[in-house]
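Chain by chain, the residues run as shown.
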Amino acid sequence: MTKLYKKTKNEIAEVANALKEGDIIAIATETVYGLAGDATNESAVHKIYAAKQRPAVNPLIVHVSSTKQIERFAVINETAQKLMDAFWPGALTIILDLKNSHSIAPSVTAGLKTIAVRMPNHETFLAVSKTLDKPLAAPSANLSEHLSPTCSTHVLKTLNGKIDGILEDDDACLVGIESTIIDTTVSPPAILRPGGITQEEIKNILPTIHHCSDDTAIKAPGQMKRHYSPQCSLRTNATSIDADEVLLCFGKTSLTSKHKTLNLSKRGDLKEAMHNLFDALHVLEDFVEKKNLKGIAITPIPDIGLGKSINDRLRRAENIKE
Ligand code: AMP
Ligand code: MG
């Protein structure tokens, strides 16, 4: 049974208690809903991997509500400190070296000597974390490879009955896609995954930063080519539409689908488009399945700023199942 919790003071305390006992609970952050479990409890972490059917080689991001919590298990280097000062709480995940002695469950990092850490900019999540005072492992609250969730209905689509609870908090995922990941344990520091914070914003703080493409030597473990995918076909950069496709567009366009058309941002705003991305894909995925159509066509998204993060997700969503 998946228990539904409300974000009242009492139920937030109940959620923290349940996490302490080893439950895994979906909790919203400003990026997407995370499936949270006590990162120091190996059995809770195993439950996260099992519920998501996530490959054991794909390490989890640990979420904290203070840098004091990090100091118990990882080394905050100078670069990381700069990034934390500039972007936390916020949509930036920072890779740090683990300390020699720590109590993080081994499967959180999939055996690596480094760990991914983030402080979310979300009041309810931070309240749970402060009450529990333990790091929370929290990958997105969806079956592996499926679309990420930005409301509790999306979580229930793939995890109902497989997780212990959901702390309901809709309209919470203001950013709408996952965090940007930056590795500060390599020199120069490298962006491993584009996300809610742009390369340009990071460059203002760290001029030497560069982005690792899929082909460069340093790779984020678990950065699968196929990910974030709807259960139907998806075609990006569409300039025409097939008879049995639904349409997702961006900005002004004369294209429409005779079945269903959604617009990520009529005024061509990339931040708005990013916020709407996963919800629009969920709605269209459901529609395609119900009407037995072919798939989703998406008009081009400008490959600049946050558009790069949106296009990264769409490229991975488009990859055909092997
Ligand atoms: P998510 O898929 O949103 O749960 O994000 C987790 C991603 O963070 C993983 O797929 C990895 O790509 C990345 N990650 C987590 N831990 C590490 C680490 N220690 N070193 C490099 N990348 C990591
Ligand atoms: Mg995910």
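The following paragraphs examine the structure supplied in this document. (Residues numbered from 1 in each chain as written. Chains lettered and ligands numbered in written order. Predicted model: local features only at pLDDT ≥ 70, side-chain atom pairs only at ≥ 80, totals over all residues. Heavy atoms only, no water.)

Brief notes about the pattern of salt bridges
Taken as a whole and assessed by the stated rule, the structure comprises 16 salt bridges. Notably, a salt bridge pairs Asp 169 with Lys 7, separated by 3.0 Å at the nearest N-O pair. Highlighted residues: Asp 169 in the loop between strand 9 (165-167) and strand 10 (180-183) and Lys 7 in the loop between strand 1 (3-5) and helix 1 (9-20), separated in sequence by 162 residues. Asp 169 gets classed as buried once you look at its relative accessible area, which sits at 5%. Note that Arg 72 and Asp 133 form a salt bridge whose closest N and O atoms lie 3.2 Å from each other. One end of the pair, Arg 72, is in the loop between helix 3 (67-71) and strand 5 (74-75); the other, Asp 133, is in the loop between helix 5 (123-132) and strand 8 (136-137), and 61 residues separate them in sequence. (Salt bridge = Lys/Arg side-chain N within 4 Å of Asp/Glu carboxyl O. Helix = DSSP H or I, 4+ residues; strand = E, 2+ residues; numbered from the N terminus. Buried < 20%, exposed > 50% of the residue type's maximum accessible area, 1.4 Å probe, protein only.)

Quick look at helix 2 (residues 42-52)
What sets the pattern is the α-helix's 3.6 residues per turn: residues three or four places apart point alike. Taken as a whole, helix 2 has its buried residues at Ala 44, Val 45, Ile 48, Tyr 49, Ala 51 and Lys 52. Residues of helix 2 that are buried in the fold lie against strand 3 (33-38), strand 8 and helix 6 (152-159). At the N-terminal end of helix 2, a side-chain oxygen is found 2.9 Å from the backbone nitrogen of Ser 43, two or three residues along, and the residue is Asn 41. One or two positions beyond helix 2, positive phi appears at Gln 53, with a value near 50 degrees. (Contact = heavy atoms within 4.5 Å. Polar contact = N/O pair within 3.5 Å; in protein donor to acceptor, adjacent residues only side chain to side chain.)

As for the sheet that holds strand 13 (residues 233-235)
Taken in spatial order, the 4 strands make up an open sheet running 13-16-14-15, and their pairing is parallel. Strands with a single pairing partner mark the edges of an open sheet, and in this sheet they are strand 13 and strand 15 (261-263). Each adjacent strand pair in this sheet contributes to an overall mean axis angle of 20 degrees, direction not counted. Sheet topology places strand 13 next to strand 16 (residues 295-298); 3 bridges connect them, and they run parallel. Paired with Ser 233 across the two strands is Gly 295, which belongs to strand 16. Lying on the sheet, helix 8 (residues 270-291) is in contact with strand 13, strand 14 (245-249), strand 15 and strand 16; it crosses strand 14 at an angle near 170 degrees. (Pairing = 2+ DSSP bridges. Axes fitted to C-alpha atoms, helices over the stretch in contact; angles between N-to-C directions.)

Here's the deal with the environment of Lys 52
Structurally, the position occupied by Lys 52 is in helix 2. Along the primary structure Lys 52 and Ala 36 are separated by 16 residues, whereas in three dimensions their C-alpha atoms are 12 Å apart. Among residues more than four places away in sequence, those in contact with Lys 52 are Leu 35, Pro 139, Ser 140, Asn 142, Leu 143 and Ser 144.

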